[in-house]
Amino acid sequence: MERSDILRAGAMIILFVIFLAALHAIHRRPAERPVSDAPSVSTPDDLSAELRRCRALGPQDAEDPHCQAVWEENRARFFGRPARPLLPQAAPATPSTSVPKGEKP
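Keep in mind the model is a prediction, meaning the values are calculated, not measured.

(A) Local environment of the overall build of the protein. The number of helices and strands found in the protein is three helices and zero strands. Mapped in sequence order, the helices and strands of the protein form the string α-α-α. Across the 105 residues in the protein, those meeting the buried criterion constitute 8%. In the structure as shown, the protein presents an accessible area of about 10,300 Å², 62% of it carried by carbon and sulfur atoms.

(B) Summary view of the confidence of the model for the protein. Taken as a whole, the protein shows an average pLDDT of 75; of its residues, 64% reach a score of 70 or greater. Looking at the elements of the protein, mean pLDDT is at its lowest for helix α2 (residues 46-57), recorded as 83, and at its highest for helix α1 (residues 3-26), recorded as 95. Overall, residues 85-96 carries pLDDT values under 50, and its contacts beyond four positions in sequence, including any with other chains, amount to zero contacts.

(C) Inspection of helix α3 (residues 65-78) at higher detail. Helix length check: α3 (14 residues) gives 20 Å between terminal C-alpha atoms against 20 Å at 1.5 Å per residue, within 8%. Among all positions of α3, only Cys67, Val70, Glu73 and Ala76 are buried. Tucked into the core, α3 has its buried residues touching α2. Backbone geometry just after α3 places Gly80 at a positive phi near 85°.

(D) Just α1, in detail. An ideal rise of 1.5 Å per residue puts 34 Å on 24 residues; α1 measures up with 35 Å between its terminal C-alpha atoms. Counting buried positions over the 24 residues of α1 gives zero, only a small fraction of the element.

(E) Structural context of a nonpolar patch on the surface. Taken together, the side chains of Phe16, Phe19, Leu20, Leu23 and Ile26 make up a nonpolar region of the molecular surface, amounting to roughly 510 Å² of accessible area. Tracing the chain through its elements places Leu23 in helix α1. Judged by its relative accessible area of 32%, Leu23 is partly exposed.

(F) Representation of the pattern of salt bridges within the structure. A complete count under the given rule lists four salt bridges for this structure. The closest approach of N and O atoms between Glu50 and Arg53, which form a salt bridge, is 3.3 Å. Here Arg53 and Glu50 lie together in helix α2, a separation of three residues that amounts to about one turn. Of the residues examined, Glu50 reaches a relative accessible area of 25% and is grouped as partly exposed. For Arg53, a relative accessible area of 35% translates into the label partly exposed. When salt bridges that share partners are traced, they join Glu50, Arg53 and Asp64 into one network.

Thresholds applied
- Every chain begins its residue count from 1, and numbering advances along the sequence as written.
- Local features are withheld for residues below a pLDDT of 70 in this predicted model, meaning they are given only at 70 or higher, and side-chain atom pairs are given and counted only at 80 or more; totals for whole chains, interfaces and linings count all residues.
- Where side-chain values are given, they derive from all heavy atoms of the structure, hydrogens and water being excluded.
- Comment: elements are numbered from the N terminus, with helices defined as DSSP H or I runs of at least four residues and strands as E runs of at least two.
- With a 1.4 Å probe rolled over the protein chains alone, any residue whose accessible area is under 20% of its type maximum counts as buried; one over 50% counts as exposed, and the rest are partly exposed.
- Using a 1.4 Å probe, the Shrake-Rupley method yields the accessible areas, and only the shown protein chains count as cover for residues.
- A residue's pLDDT is the predictor's confidence in that residue, given on a scale from 0 to 100.
- Note on contacts: a residue pair qualifies if any of its non-hydrogen atoms lie within 4.5 Å across the two residues.
- To estimate the expected span of a helix, count its residues, drop one, and scale the result by 1.5 Å.
- The patch calculation keeps residues exceeding 30% relative accessible area without a salt bridge and links them within 9 Å when they carry like charges or within 5 Å when they are nonpolar (Val, Leu, Ile, Met, Phe, Trp, Tyr).
- Within this document, salt bridges are pairs made up of a side-chain nitrogen of Lys or Arg and a carboxyl oxygen of Asp or Glu, the two lying within 4 Å of each other.

Given below as structure tokens:
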């Protein structure tokens, strides 16, 4: 056997081992999670109840300001913003150093 044949056979064996390792990694099962006896049903909150009420109104909910506020809060919760709008914070009071137009400092 020549040296190139031995290297070729070694490369094929290494590729075969890599292929088997990849198959093993793909088909590996995740660890079993323990099943709890507690029910996983979430308790409905006030927003869910209000959304159901507004949905039952039908086309009239477009004019209902309360339902509009409920839908806006639901959108805010969905997009990850705070569910209730925060009050705007006032900017810290700093003395003004601006010079009026036409005057030189």
